[in-house]
Amino acid sequence: MWRLAGSLPALVAVIIVTFVLTRVLPGDTATYFAGPTASAESIAQIRAALGLDRPLPEQFWSYVQALARGDLGMSLTTGQPVLVDIMNRLPASAELTLFGLLIAMGIAIPLGVLAAVKQGSLADHLCRVVVTAGVSLPVFFTGLLLVYVFYYLLGWSPAPVGRLDAFASAPPFITGFYLVDAALARDWETWHSALAQIILPACTLGLFALAPIARITRASMLAVLGAEFIRTARASGLSSRTIILTYALRNALLPVVTTLGMVFSFLLGANVLVEKVFAWPGIGSYAVEALIASDGAPVQGFVLTMAILYVLLNLTIDLVNRALDPRARHS
Amino acid sequence: MSAVLDVSDFSVEFRTRSGIVRALDRVAFTVGRGETMALVGESGSGKSVTAYALLGLLDAAGKITQGRAVLEGVDLTAASPGELARIRGKRAAMIFQNPRAALNPIRPIGQQIADVLRRHAGLSKRDAMAGAIDMLRQVGIPDPARRASAYPFELSGGMCQRVMIAIAVATRPALLIADEPTTGLDVTTQAVVMDIVAKLASETGMATILITHDLALAAERSARIAVMHAGHIVEDAATKTLLANPRHPYTRRLLAATPTAAGALSALRSIPGNLPDLRRDDLPPCRFAARCDRRLPGCDAGLVWRDIAPAQRIACWNPT
Ligand SMILES: Nc1ncnc2c1ncn2[C@@H]1O[C@H](COP(=O)(O)OP(=O)(O)O)[C@@H](O)[C@H]1O
Ligand SMILES: [Mg+2]
């Protein structure tokens, strides 16, 4: 609870910064919406309707008041309240990001552990390649490359057109995650379609997240394997399975969890590009479209959502750390 | 007294980038049932390497190059890694310096004892935990059932060392190696910890190797002392004999450097010279020769171990 309160100043700062940013950014919202042929009067009319002619502090105050009511403003492009748009699109982004993170963890953690346990082995070399490649490949490039290879060249995956192919319809809303909802509804056809669509963008994100997770797992595992309590465990004749999984890995996971938090927040950022490449209807592509249209409210709403997600994320990491580490529970 | 552990001609080398470290050279000693033998020597003389090599805990750079180490009839140097893992913790156990770091920081202490019992005694989860609580009681931890769920950071150093002892002796091993078990503990706690080890040893007939650089502690707690210098055991004798009549020049210096209860701290004289660099290719046969004031020309011809008196073995041509 205290930690939640501690992040309030950061949220306030984010609100101020986003407000200022959308006002000073180049591109005039009123001009954009009036269209290229509009007269000066009609532009002024639109500006007055949007409240853009009032002084900045006044605009800010009404913005904050609206925020307090949960009103993020209207999107001029979709004609919907921003809050509704974001709520509709958030599950798509969340599903994609989490799936990408799961893929990365599922590969990077075992790889890092193997690389540390058997130094100089094939796994160790593979780990090094992954870490180097992951650092040097930009995420939109891997995205385009995957589309090119698996859709265009091989034809293994469907066209990158969003969460489902044209013939499938969304499963009934339960969590908003299509893979989960379709499975709960036992609608395996939709489930397969959703899986086929998500696999490439999720792999793109996964490849991006692979390197930092593998690197920290390997380093952390190496450090723990050299610790004195591992020597005790070996001197007690515990099986290597117990030593590696129960004694070493659980201790090594502490820094890994912290890194996962960081990686997750990077992924939220990388999402913006990946959603654009795969036409994924998430909040990232929503923000990009709004930005291009100089539509301020969605951009503000997006940044605010990210800030809240970030705070919640840190809270989760904290809770997981407490569950894993008795020393953290104490302090 | 039948020997629990019989070490002979035991040598260990480390292959490092800067050369081969000849850490142990033809080490030999035996420890009998219920006997406590002390292994003393300056820091860096090879005491810990002896312990790790016996239990197969050397890191990849370290190799046993020759010799035998027979524990209850099994040659540890010829045992497979799997056999060693079954012997370690079951028939031969070890406790360490800095007990808090030697315990898993995020696992309850009772669980850590239970892990050993499950592995070696094949107990069920519940029986292993009951056994762990019983061990905590035996090492004198108050309210053991509640303390079993404590973590190392919640206990004092002395309590952690008791837990360490409980882990080591849980399976009633034939041999306990205690590597500087009281270094870093305060004096009262040192005595308590050593009392616990002595009590368990006499109850179960466990042989104990007490590794220490503290000759006074060795004198107080062991029946026999083996003195180590630069990877050689230079003198091995009954404690009384060694204290009253040390024959190796190094033992004599070591005794002179140890403040006794009667002598003031000013009596502490450090030993001149350093341990030789064990990576040298031209190590002299006697690794103490460069620091020795009784050196003879014959000292460079070779080193032999001989019984100079009943139960007193030295590696010196010109004993005092
Ligand atoms: N892993 C290792 N690699 C290289 N040399 C080592 C290693 N471990 C110990 N040594 C060397 O072996 C010698 C004895 O060390 P050690 O047994 O730790 O001394 P101590 O008597 O203080 O316990 C030292 O010269 C040390 O440098
Ligand atoms: Mg040592």
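Reading guide: rules and limits
- Residues numbered from 1 in each chain as written.
- Chains lettered and ligands numbered in written order.
- Predicted model: local features only at pLDDT ≥ 70, side-chain atom pairs only at ≥ 80, totals over all residues.
- Heavy atoms only, no water.
- UniProt positions renumbered as here; feature names shortened; annotations may be inferred.
- Helix = DSSP H or I, 4+ residues; strand = E, 2+ residues; numbered from the N terminus.
- Axes fitted to C-alpha atoms, helices over the stretch in contact; angles between N-to-C directions.
- Parallel < 35°, antiparallel > 145°, perpendicular 65-115°, else oblique.
- Left-handed = near helix turned anticlockwise from the far one by under 90°.
- Contact = heavy atoms within 4.5 Å.
- Nonpolar A, V, L, I, M, F, W, Y, C, P; charged D, E, K, R; others polar.
- Buried area = accessible area lost by both parts, 1.4 Å probe.
- Salt bridge = Lys/Arg side-chain N within 4 Å of Asp/Glu carboxyl O.
- Polar contact = N/O pair within 3.5 Å; in protein donor to acceptor, adjacent residues only side chain to side chain.
- Core = buried A, V, L, I, M, F, W, Y, C linked by side-chain atoms within 4.5 Å.
- Buried < 20%, exposed > 50% of the residue type's maximum accessible area, 1.4 Å probe, protein only.
- Domains from an automatic or database assignment.
- Pairing = 2+ DSSP bridges.
- Disulfide = S-S within 2.5 Å.
- Patch = residues over 30% accessible without salt bridge, like charges linked within 9 Å, V, L, I, M, F, W, Y side chains within 5 Å.
- Areas by Shrake-Rupley, 256 points an atom, 1.4 Å probe, with all protein chains shown as cover.
- 1 Å grid on protein atoms, 1.4 Å probe; cavity = no way out; pocket = protein on both sides within 12 Å on 5 of 7 lines; lining within 4 Å.
- Points joined across faces, edges and corners; volume = space filled by probe spheres on them.
- Near = heavy atom within 4 Å.

**Regarding the UniProt feature "transmembrane region" (unreviewed entry) in chain A**
Residues and elements named next belong to chain A.
- The sites that UniProt annotates as "transmembrane region" (unreviewed entry) are residues 96-117, 129-154, 194-214, 252-274 and 301-320.
- With 100% helix and 0% strand, the stretch residues 96-117 has end C-alpha atoms that lie 32 Å from each other.
- Helix makes up 100% of residues 301-320 and strand 0%. Its end C-alpha atoms lie 28 Å apart.

**Some remarks on the packing of helix 7 (residues 122-136) of chain A against helix 10 (residues 188-225) of chain A**
All names here are of chain A.
- Running from amino to carboxyl end, helix 7 crosses helix 10 at an angle of 135 degrees, the nearest separation of the two axes being 8 Å. Between helix 7 and helix 10, the angle is such that the two are oblique. Crossing hand, helix 7 versus helix 10: left-handed. On the side of helix 7, the interface is formed by D124, C127, R128, V130, V131, G134 and V135, while helix 10 contributes L207, L210, A211, A214, R215 and R218.
- By residue class, the composition of the contact of helix 7 with helix 10 is eight nonpolar, one polar and four charged.

**Here we look at the interface of chain B and chain A**
- Listed per partner, the contact involves 29 residues of chain B and 21 residues of chain A.
- Both faces considered, chain B and chain A share a buried interface measuring about 2100 Å² in area, 58% of it formed by carbon and sulfur atoms.
- Counting the contacts that link chain B with chain A gives zero salt bridges.
- Here chain B and chain A share 12 residue pairs in polar contact (both at pLDDT 80 or more) between them.
- Mapped by element, the contributors of at least two residues to the side of chain B that touches chain A are strand 6 (92-95), helix 3 (109-121) and helix 6 (157-169) of chain B.

**Considering the nonpolar core**
- Grouped together as the largest cluster of nonpolar side chains are 151 residues, with contacts concentrated most on F29, I113 and I209 of chain B.
- The element best represented in this core is helix 12 (residues 240-277) of chain A, accounting for 14 residues.
- Two domains each donate at least three residues to this core, and these are domain 1 (2-68) and domain 2 (82-330) of chain A.
- Setting aside residues no more than four positions away along its own chain, F29 of chain B makes contact with L5, D6, V7, M37, T50, L54, I209, R224, I233 and D236 of chain B.

**Brief notes about the environment of I103 of chain A**
All names here are of chain A.
- Looking at where I103 falls in the secondary structure, it is placed in helix 6 (residues 82-117).
- Placed 35 residues apart in sequence, I103 and P138 show a C-alpha to C-alpha distance of 18 Å.
- When sequence neighbours within four positions are dropped, the list of residues in contact with I103 reads A202 and C203.

**Concerning the sheet that holds strand 5 (residues 74-75) of chain B**
Residue and element names in this part refer to chain B.
- The strand order 2-1-4-5 describes an open sheet built from four strands, whose pairing is antiparallel. Edge positions in the sheet fall to strand 2 (19-32) and strand 5, since each of these pairs with one other strand and no more.
- Relative to strand 5, strand 4 (residues 62-71) runs antiparallel, the two being bridged by two bridges. Bridged to L71 within strand 5 is V74.
- Where helix 1 (residues 47-55) meets the sheet, it contacts strand 1 (3-16), strand 2 and strand 4, and its direction lies at approximately 105 degrees from that of strand 1.

**Comments concerning the UniProt feature "domain: ABC transporter" (unreviewed entry) in chain B**
- Mapped onto the present numbering, the UniProt feature "domain: ABC transporter" (unreviewed entry) falls at residues 5-255 of chain B.
- Its end C-alpha atoms 27 Å apart, residues 5-255 of chain B is made of 39% helix and 28% strand.

**Points about the packing of helix 6 of chain A against helix 14 (residues 296-324) of chain A**
All names here are of chain A.
- Running from N to C, helix 6 and helix 14 cross one another at 50 degrees; their axes reach a closest spacing of 10 Å. In terms of axis orientation, helix 6 runs oblique to helix 14. Handedness of the helix 6/helix 14 crossing: right-handed. Residues V82, I86 and L90 of helix 6 lie in contact with helix 14, whose contacting residues are A297, P298, G301, F302, T305 and L309.

**Some thoughts on the UniProt feature "domain: ABC transmembrane type-1" (unreviewed entry) in chain A**
- UniProt records the feature "domain: ABC transmembrane type-1" (unreviewed entry) at residues 90-321 of chain A, using the numbering of this structure.
- For residues 90-321 of chain A, the helix share is 80%, the strand share is 0%, and the end-to-end C-alpha distance is 26 Å.

**Some remarks on the pairing of strand 9 (residues 224-229) of chain B**
Residues and elements named next belong to chain B.
- Along strand 9, six of the six residues are buried, which leaves the element largely enclosed by surrounding structure.
- Here strand 9 shows a buried face lined by R224, A226 and M228 and a second buried face lined by I225, V227 and H229.
- When strand 3 (residues 36-40) meets strand 9, the two strands line up parallel, connected through four bridges. Residue pairing across strands places M37 opposite R224, the latter belonging to strand 9.
- Here strand 9 folds back onto strand 10 (residues 232-238), and the loop between the two strands holds two residues, one of which, A230, carries a positive phi near 50 degrees.

**Looking at the environment of L24 of chain B**
Residues and elements named next belong to chain B.
- If you trace the backbone, L24 turns up in strand 2.
- A relative accessible area of 2% places L24 in the buried class.
- Those residues in contact with L24, other than ones at most four positions away along the chain, are F10, S11, V12, G46, V49, T50, M228 and G231.

**Some points on the pattern of salt bridges**
All names here are of chain B.
- Applying the stated criterion to the full structure yields 24 salt bridges over all chains.
- Residue R107 pairs with D115 through a salt bridge whose shortest N-O separation is 2.8 Å.
- A residue is classified by how much of its surface remains accessible, and D115, at 9% relative accessible area, is buried.
- Ionic pairing is found between D293 and R253, a salt bridge with its closest N-O pair at 3.7 Å. In this pair, D293 is assigned in the loop between helix 10 (249-257) and strand 11 (306-309) and R253 in helix 10, connecting sequence segments 40 residues apart.

**Let's talk about the state of the cysteines**
- Applying the stated criterion to the full structure yields zero disulfides over all chains.
- Of all cysteine sulfurs in the structure, the one in C203 of chain A sits closest to C127 of chain A, which takes part in no disulfide; the separation is 18 Å.

**Points about a nonpolar patch on the surface**
- A surface patch of nonpolar side chains, about 520 Å² in accessible area, is lined by L137, F140, F141, L144, L145 and L273 of chain A.
- With respect to the secondary-structure elements, L144 of chain A resides in helix 8 (residues 139-153).

**Comments concerning the layout of surface pockets**
- Quantified by volume, the largest pocket comes out at close to 1200 Å³.
- Listed by contribution, the elements that provide at least two residues to the lining of the largest pocket are helix 6, helix 10, helix 11 (228-235) and helix 12 of chain A together with helix 1, strand 4 and helix 2 (81-87) of chain B.
- Partitioned by chemical class, the residues of the lining of the largest pocket number 23 nonpolar, seven polar and seven charged.

**Notes on the site of ligand 1**
Residues and elements named next belong to chain B.
- Looking at ligand 1, there are 13 residues lining it, with G44, K47, S48, V49 and D59 nearest.
- A distance of 3.2 Å separates an oxygen atom of ligand 1 from a polar atom in the backbone of S45.
- The separation between an oxygen atom of ligand 1 and a polar main-chain atom of K47 is 2.9 Å.
- Out of a free accessible area of 560 Å², ligand 1 has 67% covered by protein chains.
- Elements supplying a minimum of two residues to the shell around ligand 1: strand 1 and helix 1.
- With three residues, helix 1 is the largest single contributor of residues to the shell around ligand 1.

**Looking at the side chain of S220 of chain A**
- Its location among the elements puts S220 of chain A in helix 10.
- The class of S220 of chain A is buried, set by a relative accessible area of 8%.

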